[in-house]
Amino acid sequence: MNGLTVLAAAAFGSTVYLIAFSTVKWLNVPDPRVKVTGLVVAGMILCGLVGIIASASQSVVIGFVVGAGLTPPAHRWILRRGLSGRGGESLSPR
């Protein structure tokens, strides 16, 4: 198992998580047809990416799963840390 491959795949898994998170926040629109269509398209693209990754080597799959698994808790921690450091102001635009 190549360590550099695992790290690169972990970074890619983290990126895919953040893209999916941003897409879901962006698709939070009042029109349900737009929301459902956007979520279906985003889901199909993500499933395709995961399928491509799964057909690669074992180290790529392990790195992808590690990156995608570690990013959500780290992302929540960063957001909470930013809230407490700025006097309760949110870092994300609403």
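Residues numbered from 1 in each chain as written. Predicted model: local features only at pLDDT ≥ 70, side-chain atom pairs only at ≥ 80, totals over all residues. Heavy atoms only, no water.

### Remarks on the nonpolar core
Residues Ala9, Val16, Ile53, Val60 and Phe64 constitute the largest nonpolar core, which totals 5 residues. Only helix H1 (3–26) and helix H3 (58–85) provide two or more residues apiece to this core. With sequence-adjacent residues up to four places away left out, Ile53 is seen in contact with Phe12, Val60, Val61 and Phe64. (Core = buried A, V, L, I, M, F, W, Y, C linked by side-chain atoms within 4.5 Å. Buried < 20%, exposed > 50% of the residue type's maximum accessible area, 1.4 Å probe, protein only. Helix = DSSP H or I, 4+ residues; strand = E, 2+ residues; numbered from the N terminus. Contact = heavy atoms within 4.5 Å.)

### Points about helix H2 (residues 32–54)
Because an α-helix completes one turn every 3.6 residues, residues spaced three or four positions apart along the sequence face the same direction. An ideal rise of 1.5 Å per residue puts 33 Å on 23 residues; H2 measures up with 32 Å between its terminal C-alpha atoms. Gly38, Ala42 and Ile53 are the residues of H2 that are buried. (Expected span 1.5 Å × (residues − 1).)

### With respect to H1
Taking 1.5 Å per residue as the helical rise, H1 with its 24 residues ought to reach 34 Å, and the 35 Å between its terminal C-alpha atoms agrees with that figure. Of the positions making up H1, those classed as buried are Val6, Ala9, Ala10, Gly13, Ser14 and Val16.

### Digging into the packing of H1 against H2
Orientation of H1 relative to H2, taken along the N-to-C sense of each, is 175°, at an axis distance of 11 Å. Here H1 lies roughly antiparallel to H2, going by the angle between them. Contact residues: H1 offers Phe12, Val16, Ala20, Thr23 and Val24, while H2 offers Leu39, Ala42, Leu46, Leu49 and Ile53. Classifying every residue of the contact of H1 with H2 gives 9 nonpolar, 1 polar and no charged. (Axes fitted to C-alpha atoms, helices over the stretch in contact; angles between N-to-C directions. Parallel < 35°, antiparallel > 145°, perpendicular 65-115°, else oblique. Nonpolar A, V, L, I, M, F, W, Y, C, P; charged D, E, K, R; others polar.)

### Digging into a nonpolar patch on the surface
On the surface, a nonpolar cluster with roughly 300 Å² of combined accessible area is contributed by Val36, Val40 and Met44. Relative to the helices and strands, Met44 is located in helix H2. (Patch = residues over 30% accessible without salt bridge, like charges linked within 9 Å, V, L, I, M, F, W, Y side chains within 5 Å. Areas by Shrake-Rupley, 256 points an atom, 1.4 Å probe, with all protein chains shown as cover. Salt bridge = Lys/Arg side-chain N within 4 Å of Asp/Glu carboxyl O.)

### Considering the side chain of Ser14
Along the chain, the position of Ser14 falls in helix H1. Here Thr71 takes part through its side chain, which lies 2.9 Å from a polar atom of the side chain of Ser14. Ignoring any residue separated from it by four or fewer positions in sequence, one finds Ser14 in contact with Gly67, Ala68 and Thr71. (Polar contact = N/O pair within 3.5 Å; in protein donor to acceptor, adjacent residues only side chain to side chain.)

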